[in-house]
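Okay, here's what each chain looks like letter by letter:
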Amino acid sequence: MPDHKTVRVDADRLWNSLMEMAKIGPGVAGGNNRQALTDADAEGRALFAAWCREAGLELTTDTMGNMFALRAGTEPGLPAVYMGSHLDTQPTGGKYDGVLGVLAGLEVVHALNDAGIESRYPIAIVNWTNEEGARFAPPMISSGVFAGAIDLDYAYGRRDDDGKSFGEELERIGWKGGEPVGERTMAAYYELHIEQGPVLEEEGCDIGVVTDCQGLWWLEFTLTGRAAHTGSTPMGMRVDAGLAMARIIAMLREVVEKHATDNAMGGVGHMGFAPNSRNVLPQTVVFTVDLRCPDKAVLDELRETVEEKAEAICAALGVGCAVEAVGQYAPVHFDPGLVATVREAAEALGLKHRDIISGAGHDACWVSKVAPTTMIFCPCVGGISHNEAEEITAEWAEAGANVLLQALCKTAGAG
């Protein structure tokens, strides 16, 4: 039997599959709009299923629409080693976010088939439903149900902006399977993904060895001031909720920067003024603070500090301040053994690599609750993602897929 260490993916075949999938649910500016449980999602699923069957894989779908494509091992009683990601996109998404991980998994299977390599453990590819959460919040909902962290009925009841429910749309597009969600056991799970940040490209690295995924707090602030004419209200007589927000944002930056060595992140990307008129000071300002850190103790300290300082800022200005936590998940520390396997694979392939922490959430975060898990990052141009301008090179995709191949083979006992 050939040695798996000499096997490589077919870069052209992988790239062609990415481009073929990108034809389904095209965006308006070169990317994709293939949101979960739309007709475009159903079409993308059908294409992936056809490719899996051509590769000799056995396809199963669970009651959340998660797709599993299985390649038998020589010891069928063993649980499978999984690899995958998601095929759904943002409304103005790119061609690679999530899709790379699914189709690289398929390419790994093709490479093993071409080389005639068998594995002790079965090997499986998974396409998780609604990772993005763009149409049905929250994101990563199906892997969350799989891991037992999200209730199935709650997931089915999520509704989009048109009032259509997740459960109804899953039925409508014909991808509600019969396998009870979360029933299967995973020996391990690998997820290849674009970095969605600029670090790897900036440092000239081919591979990011993902050690952790940041936890987060989303804190929604509602500041209450006094609506008044901006031109006729003296500066010293204002109750300015907009000024309070500005000072809180500046404070947030200072607090987070003091924890730079802890890999802390923070910012504000969502806000709204009411009445939102050019010449009226706001009565109400609502905005969300996004705090992230891979250390839970530091993350919780950041939340406490930001809330305390924000309340003090508002009190000094006579502005009312209410805070609600509207999102939270704990940091994830990926399996050290699998992390080491990825690092060793990159080194054996002569690829420049570095350890990296994921700033975004991924299905791997939930899967890590029920199976040994890790991730592999490849660079993306300019760090741009969740954007139709998202781009990678064929060489980056090839490098990531080859690391995935080698790591998977070691874990699954292939060759």
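Residues numbered from 1 in each chain as written. Predicted model: local features only at pLDDT ≥ 70, side-chain atom pairs only at ≥ 80, totals over all residues. Heavy atoms only, no water.

(A) Expanded view of the nonpolar core. Formed by 103 residues in total, the largest nonpolar core has its most connected members in Phe 48, Met 83, Leu 100, Leu 103, Ile 125, Met 186 and Ile 392. Counting residues per element, this core draws most heavily on helix α12 (residues 394–412), which supplies eleven residues. Residues contacting Ile 125, with those up to four places away along its chain left out, are Phe 48, Leu 57, Met 67, Phe 68, Ala 69, Met 83, Val 102, Gly 105, Leu 106 and Val 109. Val 239, Ala 244, Leu 302 and Val 319 belong to the second-largest nonpolar core, a separate cluster that totals 28 residues. (Core = buried A, V, L, I, M, F, W, Y, C linked by side-chain atoms within 4.5 Å. Buried < 20%, exposed > 50% of the residue type's maximum accessible area, 1.4 Å probe, protein only. Helix = DSSP H or I, 4+ residues; strand = E, 2+ residues; numbered from the N terminus. Contact = heavy atoms within 4.5 Å.)

(B) Layout of the layout of surface pockets. A volume near 1200 Å³ is recorded for the largest pocket. Arg 292, Tyr 329, Gly 359, Ala 360 and Gly 361 are, among the 44 residues lining the largest pocket, the residues nearest its centre. Among the secondary structure elements, those contributing two or more residues to the lining of the largest pocket are β7 (215–224), β12 (320–329) and β14 (353–358). Its residues assigned to classes, the lining of the largest pocket shows 21 nonpolar, 17 polar and six charged. The wall of the second largest pocket is formed by His 4, Lys 5, Arg 8, Thr 341, Glu 344, Ala 345, Ala 348, Leu 349, Gln 406, Ala 407 and Lys 410. Of all the secondary structure elements, the ones that give two or more residues to the lining of the second largest pocket are α10 (336–348) and α12. Looking at the lining of the second largest pocket, the element that brings in the most residues is α10, giving four residues. (1 Å grid on protein atoms, 1.4 Å probe; cavity = no way out; pocket = protein on both sides within 12 Å on 5 of 7 lines; lining within 4 Å. Points joined across faces, edges and corners; volume = space filled by probe spheres on them. Nonpolar A, V, L, I, M, F, W, Y, C, P; charged D, E, K, R; others polar.)

(C) Spatial organisation of the pattern of salt bridges. Within this structure, the stated rule accounts for 18 salt bridges. Note that Arg 292 is salt-bridged to Asp 290, the shortest N-O span being 2.9 Å. For Asp 290, a relative accessible area of 22% corresponds to the partly exposed category. The salt bridge involving Lys 410 is made with Glu 344; its shortest N-O contact spans 2.8 Å. Of the two residues, Lys 410 sits in helix α12 while Glu 344 sits in helix α10, which places them 66 residues apart along the sequence. Here Glu 344 falls in the partly exposed class, since its relative accessible area comes to 38%. In this structure, a network of salt bridges that share partners links the residues Asp 39, Arg 135, Asp 160, Glu 169 and Arg 172. (Salt bridge = Lys/Arg side-chain N within 4 Å of Asp/Glu carboxyl O.)

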